[in-house]
Every structure is written in C-alpha cells, then in structure tokens.
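Listed below, chain by chain, are the residues.
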Amino acid sequence: MRKNFVTIGIILIIIGVVIFASSMYIATSSLHYNEINLAPGQQYSLHVTNTGIFMYKSNISYPVKLLQDNVTLTSSSYKSGYYSYVVEPSNAHAIINIYNNYTVPLEIVYANIPISSSVVISGLLVIIAIVLVIAGIVIAIYGAIKK
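What counts, and at which threshold
Residues numbered from 1 in each chain as written. Predicted model: local features only at pLDDT ≥ 70, side-chain atom pairs only at ≥ 80, totals over all residues. Heavy atoms only, no water. Phe/Tyr/Trp six-rings, centres within 6.5 Å; stacked < 30°, edge-to-face > 60°. Helix = DSSP H or I, 4+ residues; strand = E, 2+ residues; numbered from the N terminus. Buried < 20%, exposed > 50% of the residue type's maximum accessible area, 1.4 Å probe, protein only. Pairing = 2+ DSSP bridges. Axes fitted to C-alpha atoms, helices over the stretch in contact; angles between N-to-C directions. Parallel < 35°, antiparallel > 145°, perpendicular 65-115°, else oblique. Left-handed = near helix turned anticlockwise from the far one by under 90°. Nonpolar A, V, L, I, M, F, W, Y, C, P; charged D, E, K, R; others polar. Contact = heavy atoms within 4.5 Å.

*Asks:* How do you make sense of the packing of aromatic side chains when you look at a structure like this?
*Replies:* Aromatic rings in a pair are described by how distant their centres are and how their planes are angled relative to each other. Under the defined criterion, the tally for this structure stands at 7 aromatic pairs. A centroid spacing of 5.2 Å and a plane angle of 20° characterise the contact between Y56 and Y83, whose relative ring orientation is stacked. In this pair, Y56 is assigned in strand β3 (residues 52–58) and Y83 in strand β6 (residues 82–89), connecting sequence segments 27 residues apart. Of the two residues, Y56 and Y83, both sit in the buried class. Of the aromatic side chains, those joined through ring pairs into one cluster are Y44, F54, Y56, Y78, Y83, Y85 and Y110.

*Asks:* What is the right way to read the pairing of strand β8 (residues 106–114) from this model?
*Replies:* Looking along a regular strand, one sees the side chains alternate between the two faces of the sheet. Pairing of strand β1 (residues 32–38) with β8, which is carried by 7 bridges, proceeds in the antiparallel orientation. By the bridge assignment, N34 is partnered in β8 with Y110. Two elements, β3 and β8, share 7 bridges in a ladder whose sense is antiparallel. Counted as the bridge partner of K57 is V109 from β8.

*Asks:* Looking at this model, I keep getting lost on the packing of helix α1 (residues 3–29) against helix α2 (residues 117–145). Mind explaining?
*Replies:* When two helices pack together, their arrangement is given by the angle between the helix axes and the distance between those axes. Contact geometry of α1 with α2 gives a least axis separation of 7 Å together with a crossing angle of 160°. Here α2 runs roughly antiparallel to α1, going by the angle between their axes. By crossing handedness, the relation of α1 to α2 is classed as left-handed. The class makeup of the residues in the contact of α1 with α2 is 24 nonpolar, 7 polar and no charged.

*Asks:* Whenever I open this one, the environment of E107 confuses me. Can you help?
*Replies:* On the secondary structure map, E107 appears in strand β8. By relative accessible area, E107 is classed as partly exposed at 45%. C-alpha separation for the pair E107 and L66, spaced 41 residues apart in sequence, amounts to 15 Å.

*Asks:* Whenever I open this one, the sheet that holds β6 confuses me. Can you help?
*Replies:* Paired through their backbone hydrogen bonds, the strands of a sheet run either parallel or antiparallel. Spatially, the 5 strands line up as an open sheet ordered β1-β8-β3-β6-β5, and their pairing is antiparallel. Whereas interior strands pair on both sides, the edge strands pair on one side only; in this sheet they are β1 and β5 (71–79). Averaged over all pairs of adjacent strands, the angle between strand axes in this sheet comes to 20°, irrespective of strand direction. Here β5 runs beside β6; their pairing, made up of 7 bridges, is antiparallel. Residue pairing for β6: S77 is matched across the bridge by S84.

*Asks:* Just to check I follow, could you spell out unusual backbone geometry for this structure?
*Replies:* Most of the time, phi is negative for any residue but glycine, and the peptide bond is trans. With a phi close to 60°, N70 is a non-glycine residue in the positive phi region. Among the structural elements, N70 can be located in the loop between β4 (65–69) and β5. Judged by its relative accessible area of 33%, N70 is partly exposed. Its identity as a non-glycine residue notwithstanding, S80 has a phi of 55°, on the positive side. Looking at the element boundaries, S80 is found in the loop between β5 and β6. The class of S80 is exposed, set by a relative accessible area of 60%.

*Asks:* Would you explain the environment of V64 in this entry?
*Replies:* Mapped onto the elements of the fold, V64 is located in the loop between β3 and β4. Residues V64 and V17, 47 residues apart in the sequence, show an inter-C-alpha distance of 40 Å. The contacts of V64, once residues within four sequence positions are left out, are Y56, S58, I98, Y99, Y102, L106 and I108.

The structure is reproduced here in structure tokens:
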C-alpha cells in the first residue's frame, strides 16, 4: 500500500465535497422559494428582477391564472405536477400576479430561479467537485492496492 497516494486521494475527496457543499449554498442563496395560500378571487404579486425560471405546484390539477405586468412568460411546460415558465422582465417593475380564479382555496408552492452568474458559477463548481471526488477515489484505490 502506498500511503501517500491514499492520503492524496482522501484530500481530493474532501476538497471535492467542500466545493460541492459551497456550490449548493451559492445556488440556493439565489433561489426564491415560497408557499402561499389564496382564497377564491385573491391574488399574490411576485416581483421579478432577473431573467429566470418560474416554477409552481398547486393543490389542483389545473394551471392557475398568471397575470403579467412588464414581464413575459414563455416556454411553458408541465412535468410531474410542476408548471414552469421562462421569465423575461422588461423593466425593474416586473410583476407576476398569481390569481386564484377557481372556487376553492389554492395552496401554491413556487420557486423563482434567476439565471445569474452565481447559478452558472455553482454549476461549474459542481462539475469540478465531481471530477475531484472521482479522481480522489481512483487515486486512493490505486494507492491502496499498489505495493
């Protein structure tokens, strides 16, 4: 067994895990997540400042009414109970109004994910972390089996 290879492998694994945890913190710090309850006829205003992705899930199986004010919602999709839209604000006063046009109360969980440099950086850090962990595992195994 070559202890120096095992040690280097373990150090790379630890660095990879630390980088991964840091990237998750960076990514979640820019995420805007909330849960709201709307009575019939009630609405909720969400201020949007950056281009990004708006996702929501509600307690009903139909889409809720989204009123746009200085914002464009495009590329809508539905998967596994989540509705998602690409959000493009036209100015600093962009608002998405979530309106309950049904006769039952709505429970809505939404996330507004801005596409920003911090999200891109956290994605790159995840890739680097994965590479470091894999390299650390390979080096540690090599050191453990090599005489």
